[in-house]
Amino acid sequence: MWKRRELLLGAVAGMRPVLAACLWLGCLGCLSAPGRACGGAHGPAGAGDLLLCRACGHEVALGSDLKFVASGLALAQRNGTAVGGRRVPVQLFQNPHGSRFRVVTLRRAAVRRHWPADGHFSWFPGYSWTVATCPRCHTHLGWGFQPSDWPDRVSDREFEDSEQTFVGLIVDKLLQENFAASLLMTPKTFQS
């Protein structure tokens, strides 16, 4: 068990993406057989699983808020991340500077959007984007997307109440609540 925890707490950088995804999900089964990934057999999770900011633990979104929005501009797409007990499409995008991001899309998220929205270099044709950060630690978590024919600035309420808007969050900036809980250990003095 300690070896598994050491691996969990170690850096994920440099690992094969499928194993890193299982680490992100807290899958200990994959660590017992490093040559293969479990394919999402982490056990069922509740539909309301919380997604947390990896930097500070702020509650960003519910797994039930996931909403797939396909983009023809994605470099790749795969159904490899299990959230709330179901497979979730993850899309790979590249910005004009060459940085790549694995992104999941959601109906809503508790993020701070930084207006004005910009229609240039949008990964979703017909949508403008604005940077989305964690309201607690200000880490860049992703982007908010709204129809391009909307004004450059809208209220948070207008954005959240619309069926036409969505948020794209960077997978590597998120942590599932059940995975974070698996990292907590009970001190030996409290164990019987």
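This one's a predicted model, so the numbers in the text were calculated from it and none came from an experiment.

Examining the pattern of salt bridges
A side chain of one charge can pair with a side chain of the opposite charge when the charged atoms of the two come close. On inspection of all chains with the given rule, the structure shows five salt bridges. Put simply, Arg-102 and Asp-172 hold a salt bridge, and the shortest N to O gap is 2.4 Å. With Arg-102 in strand E5 (residues 100-106) and Asp-172 in the loop between strand E9 (166-170) and strand E10 (174-176), the pair connects residues that are 70 residues apart, well separated along the chain. Overall, Asp-172 belongs to the partly exposed group, its relative accessible area being 45%. Where Asp-156 meets Arg-113, a salt bridge forms, and the shortest distance between an N and an O atom there is 3.4 Å. Pair noted here: Asp-156 is in helix H4 (residues 156-161) and Arg-113 is in strand E6 (residues 112-118), with a separation of 43 residues, a long-range link. Among the charged side chains, a network of salt bridges with common partners joins Arg-113, Asp-156 and Glu-160.

Observations regarding unusual backbone geometry
Residue Pro-116 is reached from Trp-115 by a cis peptide bond, and omega for that bond is 5°. Of note, Pro-116 is situated in strand E6. We note that His-138 has phi near 70°; this positive angle belongs to a residue other than glycine. Considering the arrangement of structural elements, one finds His-138 in the loop between strand E7 (127-133) and strand E8 (140-147).

Overview of the pairing of E5
With respect to burial, E5 is a largely interior element, six of its seven residues being buried. Bridging between strand E4 (residues 86-94) and E5 involves four bridges; their strand directions are antiparallel. The partner of Phe-93 across the bridge, within E5, is Phe-101. Hairpin connection, E4 to E5: the antiparallel pair is bridged by five residues, and Gly-98 has positive phi, about 95°. Pairing between E5 and E9: four bridges, direction antiparallel.

Describing the confidence of the model for the protein chain
Predicted coordinates in regions of low pLDDT should not be interpreted in detail. Confidence in the prediction of the protein chain, expressed as mean pLDDT, is 78, and 67% of residues score 70 or more. Residue range residues 1-47 is modelled with pLDDT below 50. Its contacts to residues more than four positions away, or to other chains, number 64 contacts.

Digging into the side chain of Gln-91
Structurally, the position occupied by Gln-91 is in strand E4. A relative accessible area of 1% means that Gln-91 is categorised as buried. Among the polar contacts made by the side chain of Gln-91, one reaches the main-chain carbonyl oxygen of Val-69 at a distance of 2.8 Å. When neighbours within four sequence positions are excluded, Gln-91 is seen to be in contact with Phe-68, Val-69, Ala-70, Ser-71, Ala-74, Ala-76, Gln-77, Phe-101, Arg-102, Val-103, Thr-105 and Phe-124.

A word on the side chain of Ser-71
Position of Ser-71 among the secondary structure elements: in the loop between strand E2 (59-62) and strand E3 (76-83). Reaching out from Ser-71, the side chain makes a polar contact with the backbone oxygen of Trp-123 at a distance of 2.3 Å. Setting aside residues no more than four positions away along its own chain, Ser-71 makes contact with Gln-91, Phe-93, Trp-123, Phe-124 and Pro-125.

Calculation notes
Residues numbered from 1 in each chain as written. Predicted model: local features only at pLDDT ≥ 70, side-chain atom pairs only at ≥ 80, totals over all residues. Heavy atoms only, no water. Salt bridge = Lys/Arg side-chain N within 4 Å of Asp/Glu carboxyl O. Helix = DSSP H or I, 4+ residues; strand = E, 2+ residues; numbered from the N terminus. Buried < 20%, exposed > 50% of the residue type's maximum accessible area, 1.4 Å probe, protein only. Pairing = 2+ DSSP bridges. pLDDT = per-residue confidence, 0-100. Contact = heavy atoms within 4.5 Å. Polar contact = N/O pair within 3.5 Å; in protein donor to acceptor, adjacent residues only side chain to side chain.

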